[in-house]
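# A look at the structure
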Amino acid sequence: MAAIQVFNQFPCKARVKTSSNFKSISKPLITIPMSSIVHRPVLSTGGIAVSRADFRVRATEAGERGSAALTVADEAIEAVEETERLKRSLADSFYGIDRGLNTSSETRAEIGDLITQLESKNPTPAPTDALFLLNGKWILAYTSFVNLFPLLSRGILPLVKVDEISQTIDSDNFTVQNSVRFAGPLGTNSISTNAKFEIRSPKRVQIKFEQGVIGTPQLTDSIEIPENVEVLGQKIDLNPIRGLLTSVQDTASSVARSISSQPPLKFSLPGDKAESWLLTTYLDKDIRISRGDGGSVFVLIKEGSPLLNP
C-alpha cells in the first residue's frame, strides 16, 4: 500500500496537440487516498446495479414480512379452531337437559361461561347486515327463558311431550315463525305464531306477532301393539285384548285420514302481548345466540348442522 501511495505522488507527462506541434506538458495527477475507496461487490438485476449489502437488507425485510404473514395466518387458524371447539363443547353440554329445563345450577353456570366465550369471538358483529345467515330454520337447543319451562315440563295434554321448538326466518319478506311441535302416542301436532320483524340496530330486531296457527294434526295410521306392557314391575299380557286394540287402531286410522284433510286453525293475537325484541350476540352458519327481555338467552342451531348430532 505504501508503494502505491508513493507512485501516486509522481507527476506524469501528457501530450497535448497544438496548432504547431505536440508539446510535452508536465501535469501532476490527482492524489486519491486508497482508504477512501469502498469495495462493494455489485449484483446485476436486470440492468439495475444492487450491492450485496442492499440485497441482504431487502431479502431480510421480505423474509420478515413473510414470517409476519405466516404468523397472522397461524393465529387466524388457531382462532377458528378454538371457536369450533367452543361450539362443539356448548352443543355437547345440552345433552339430556331438555333445552334447559333439567339443568343444575352448576351446569347452567358452565353453559353460561361457554356462551360468553363464544360471544367474545362473534364472527358477525352486525347480524342484521348479514340476513343471509339469519335466513332459514333454527332449532332451539337451550334457553334460560323460564316462561317456556311449564310448557316443556307438562306439555298441553297427558302423554304429549314437546318434540321440537323452532324459529324460521324469511329475510326476504322480514317474517318470523315460532313453532312448537308436540308428539303423542297417536301422532304429532304444532302450534305456531307468525310475526314481522324490523331492524332497529346492527344486532337488534323488533318483532311484532300477528297471528297464531294451530296446525293440522298428523296422526299415525298404524299403532304398534306390543305383546305385553310392564306396570309397577309386573308384566301384563295384551294378547287377550288384542282384538279390541286392533279395532281401536282401525278407528284411529279412519280419524287420521279425516283430520289430516282439514285446514289449520288460525287466530289473531292480543295487541298488548304481540311485540318483543331480540338481540343477536353470536351468529355463524351453525349457531345463533340471542338475548331477549329480562336477560333471557336463547341458543339455536341451524337445521342440518352437524352440531345437532350428539
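Our subject is the structure listed above.
Residues numbered from 1 in each chain as written. Predicted model: local features only at pLDDT ≥ 70, side-chain atom pairs only at ≥ 80, totals over all residues. Heavy atoms only, no water.

### Considerations on the overall build of the protein
Within the protein, the secondary structure is distributed over 6 helices and 16 strands. Counting all 310 residues of the protein, 28% fall into the buried class. In the protein, 56% of the contacts between residues at least 6 apart in sequence involve partners at least 24 apart. Entry remark: accessible area of the protein is about 20400 Å², with carbon and sulfur atoms responsible for 57%. (Helix = DSSP H or I, 4+ residues; strand = E, 2+ residues; numbered from the N terminus. Buried < 20%, exposed > 50% of the residue type's maximum accessible area, 1.4 Å probe, protein only. Contact = heavy atoms within 4.5 Å. Areas by Shrake-Rupley, 256 points an atom, 1.4 Å probe, with all protein chains shown as cover.)

### Topic: the pairing of strand β7 (residues 175-184)
Across 9 bridges, strand β6 (residues 161-170) lies against β7 in antiparallel orientation. The partner of lysine 161 across the bridge, within β7, is alanine 183. The hairpin turn running from β6 into β7, its antiparallel successor, is 4 residues long, and phenylalanine 174 in that turn takes a positive phi close to 55 degrees. (Pairing = 2+ DSSP bridges.)

### Here's the deal with a negative patch on the surface
Residues Asp74, Glu75, Glu78 and Glu81 make up a contiguous surface patch of negative charge. Within the secondary structure, glutamate 81 sits in helix α2 (residues 52-93). The exposure class of glutamate 81 is exposed, given its relative accessible area of 52%. (Patch = residues over 30% accessible without salt bridge, like charges linked within 9 Å, V, L, I, M, F, W, Y side chains within 5 Å. Salt bridge = Lys/Arg side-chain N within 4 Å of Asp/Glu carboxyl O. Lys, Arg positive; Asp, Glu negative; His and termini not counted. Charge placed at Lys NZ, Arg CZ, Asp CG, Glu CD.)

### Focus on the packing of aromatic side chains
Counted by the stated rule, this structure contains 3 aromatic pairs. Ring plane angle 5 degrees and centroid distance 5.5 Å describe the contact between phenylalanine 94 and tyrosine 142, whose orientation is recorded as stacked. Of this pair, phenylalanine 94 sits in the loop between α2 and α3 (105-120) while tyrosine 142 sits in strand β5 (residues 136-143); the two residues are 48 residues apart in sequence, bridging distant segments of the chain. Judged by its relative accessible area of 10%, phenylalanine 94 is buried. By relative accessible area, tyrosine 142 is classed as buried at 2%. Pairing phenylalanine 174 with phenylalanine 197 gives two aromatic rings, centres 5.2 Å apart and planes at 50 degrees, and the pair type is tilted. In this pair, phenylalanine 174 is assigned in the loop between β6 and β7 and phenylalanine 197 in strand β8 (residues 187-199), connecting sequence segments 23 residues apart. On the accessibility criterion, phenylalanine 197 (6% relative accessible area) is buried. It is arginine 204 that lies over the ring of tryptophan 277; its NZ or CZ is 4.5 Å from the centre. Here the guanidinium or amino end of arginine 288 rests over the ring plane of tryptophan 138, the centre of that ring lying 5.4 Å away. (Phe/Tyr/Trp six-rings, centres within 6.5 Å; stacked < 30°, edge-to-face > 60°. Lys NZ or Arg CZ within 6 Å of the ring centre and 35° of its normal.)

### Here's the deal with a nonpolar patch on the surface
Nonpolar side chains collect at one region of the surface, where Ile191, Ile214, Leu265 and Phe267 lie side by side and expose about 310 Å² of accessible area between them. Structurally, the position occupied by isoleucine 214 is in strand β9 (residues 204-214).

### Points about α3
Compared with the 22 Å implied by 1.5 Å per residue over 16 residues, the 23 Å span of α3 between its first and last C-alpha is a close match. Listing the buried residues of α3 in full gives Ile111, Leu114, Ile115, Leu118 and Glu119. Projected down its long axis, α3 shows its buried positions confined to an angular sector of 140 degrees, all on one face. Turned more than 90 degrees from where α3 packs its buried face, Ser105, Glu106, Ala109 and Ser120 sit exposed. (Expected span 1.5 Å × (residues − 1). Arc of directions from axis to C-beta.)

### Quick word on the nonpolar core
Counting residues in each nonpolar core, the largest one holds 26 residues, and the members touching the most others are Leu140, Val162, Ile165, Ile169, Phe197 and Ile207. Non-local contacts of phenylalanine 197, meaning those with residues more than four positions away in its chain, are made with Ile169, Asp170, Ser171, Phe174, Thr175, Val176, Val205, Gln206 and Ile207. In this structure, Leu90, Leu114, Ile289 and Ile301 belong to the second largest nonpolar core, which totals 18 residues. (Core = buried A, V, L, I, M, F, W, Y, C linked by side-chain atoms within 4.5 Å.)

### Describing unusual backbone geometry
Positive phi is not limited to glycine here, since aspartate 98 has a value of about 55 degrees. Checked against the element boundaries, aspartate 98 lands in the loop between α2 and α3. For aspartate 98, a relative accessible area of 27% corresponds to the partly exposed category. Notably, phenylalanine 174 is not glycine yet its phi reads approximately 55 degrees, a positive angle. With relative accessibility at 33%, the residue phenylalanine 174 sits in the partly exposed group.

### Some details on the pairing of β5
The buried fraction of β5 amounts to 6 of the 8 residues, a majority that puts the element mostly inside the structure. Here β5 runs beside β6; their pairing, made up of 4 bridges, is antiparallel. Across the sheet, the residue bridging to glycine 136 is isoleucine 169, located in β6. Pairing analysis gives 5 bridges linking β5 to strand β16 (residues 297-302), with the strands arranged antiparallel. Its bridge partner being in β16, threonine 143 is matched across the sheet by phenylalanine 298.

All we've got here are geometric facts, nothing functional implied.
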